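Spelled out, the chains give:
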Amino acid sequence: MTRTASTASPPAPAAAPGRTGKRPSRHRARAGASGRDRPMRKLTPWLFLLAPLALLITFTYVPVGNMIYYSFTDWDGVSPDRNHVGTENYTEIFTRPELFRVFAVSFYYLAASVVQIVIALYFAAVLSFDLRFRNLFKGILFFPYLINGVAIGFVFLYFFQDGGTLDSVLSWFGVGTDHTWLGTPESANTSMAGVSVWRFTGLNFVLFLGAIQSIPGELYEAAQLDGAGRWKQFRHIIAPSIRPVLSLSVILAISGSLSVFEIPYIMTGGATETSTFVIQTVKFAFQFNKTGLASACAVVLLVIILMITWIQRRLVPDEKVDLV
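These remarks concern the structure in this document.

Definitions and limits used
Residues numbered from 1 in each chain as written. Predicted model: local features only at pLDDT ≥ 70, side-chain atom pairs only at ≥ 80, totals over all residues. Heavy atoms only, no water. Patch = residues over 30% accessible without salt bridge, like charges linked within 9 Å, V, L, I, M, F, W, Y side chains within 5 Å. Areas by Shrake-Rupley, 256 points an atom, 1.4 Å probe, with all protein chains shown as cover. Salt bridge = Lys/Arg side-chain N within 4 Å of Asp/Glu carboxyl O. Helix = DSSP H or I, 4+ residues; strand = E, 2+ residues; numbered from the N terminus. Buried < 20%, exposed > 50% of the residue type's maximum accessible area, 1.4 Å probe, protein only. Polar contact = N/O pair within 3.5 Å; in protein donor to acceptor, adjacent residues only side chain to side chain. Phe/Tyr/Trp six-rings, centres within 6.5 Å; stacked < 30°, edge-to-face > 60°. Lys NZ or Arg CZ within 6 Å of the ring centre and 35° of its normal.

1. Thoughts on a nonpolar patch on the surface
On the surface, Met 40, Leu 43, Trp 46, Leu 47, Leu 49, Leu 53, Leu 56, Ile 57, Tyr 61 and Val 62 cluster together into a nonpolar patch covering about 960 Å² of accessible area. Looking at where Leu 49 falls in the secondary structure, it is placed in helix H1 (residues 22-70).

If you want it as structure tokens, here you go:
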């Protein structure tokens, strides 16, 4: 008997997972979904930036644009009529040297800024180490910066007035009190510059302290093992690390000394040769109703600050600090 060969076909091999009919459709669906989600992912960061950008444009760039526009008009700040006068306001500014003499007052505040940076740097370096009551001293140093500038002006107005707080304290030590602290230009400007030191030292202190606390602790441990004292740690570890923050503080000091307003305006109103460029600009706008000229003064001050900042960044460029 002969055996007939089986005609049954062998079983089909198992299909590879990636080659089935359902798998490619899923992959294509996922690819299509990711392709549709890609524009949304690019749009998401702009959605988060929409609110801050709207606030920045509304309250910064639009007012600056209006200020530049007003600087080319003779607007008085009240009338709806705004006549275009070209560069007449700028010509008046640059042909009146007395308008720039008020910048001499800014040197008092610039010198005060140097003092406050030195004081802030000293206390930031000292309080960065483990000392008793250091958190208390941090709060004491930063507290004046939290007070409103108008309130500070009124407080120190009574502090420096004849027979005021300062005269009373000096009388306890037998010091004569016949000196008028706000009566002469030198004394008034020096007194108000001292007030600015008291107020803004806390801001520089926080900036320096934040930069110092970002230094890895291993560097201090290695320095102590090498026998380095506090001064050498400051010179070789702390000072190089805070160089960018120090540059920022210098920029803030220069721009702040050129745009001082609150303290001299409250304490003297610009009398006894204590007027600053900003006080002069405010008087043009609200006392003499020359909003166009005041806007031109504001534009000139903005350009001066930007130029000084640019020159400083060119002379002292930011350097990447890598201490590790």
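From this point, things continue past the structure.
2. Description of the side chain of Ser 241
Mapped onto the fold, Ser 241 is located in helix H9 (residues 230-241). Owing to a relative accessible area of 14%, Ser 241 belongs among the buried residues under this scheme. Engagement of the side chain of Ser 241 in a polar contact is seen with the backbone oxygen of Ile 237, the distance being 3.3 Å. A polar contact is formed between the side chain of Ser 241 and the backbone oxygen of Ile 238, at a distance of 2.7 Å.

3. Considerations on the pattern of salt bridges
Using the criterion set out here, one finds three salt bridges in the structure. The shortest N-O distance in the salt bridge between Glu 98 and Arg 96 comes to 3.0 Å. Classification of Arg 96 as partly exposed rests on a relative accessible area of 25%. In this structure, Glu 262 engages Arg 199 in a salt bridge whose closest nitrogen and oxygen atoms are separated by 2.8 Å. Note that Glu 262 is positioned in helix H11 (residues 262-267) and Arg 199 in helix H7 (residues 185-213), a separation of 63 residues in sequence.

4. Notes on the packing of aromatic side chains
The geometry of an aromatic ring pair is captured by two quantities: the separation of the ring centres and the angle between the planes. Evaluated as defined, the whole model comprises 17 aromatic pairs. Between Tyr 122 and Phe 123, the aromatic rings sit 5.3 Å apart at their centres with planes inclined by 80 degrees, giving edge-to-face as the arrangement. For Phe 123, a relative accessible area of 31% corresponds to the partly exposed category. Grouping aromatic residues by their ring pairs yields a cluster made of Phe 94, Phe 100, Phe 103 and Phe 277. The lysine or arginine in question, Arg 82, covers the ring of Trp 75, its NZ or CZ lying 4.5 Å from the ring centre.

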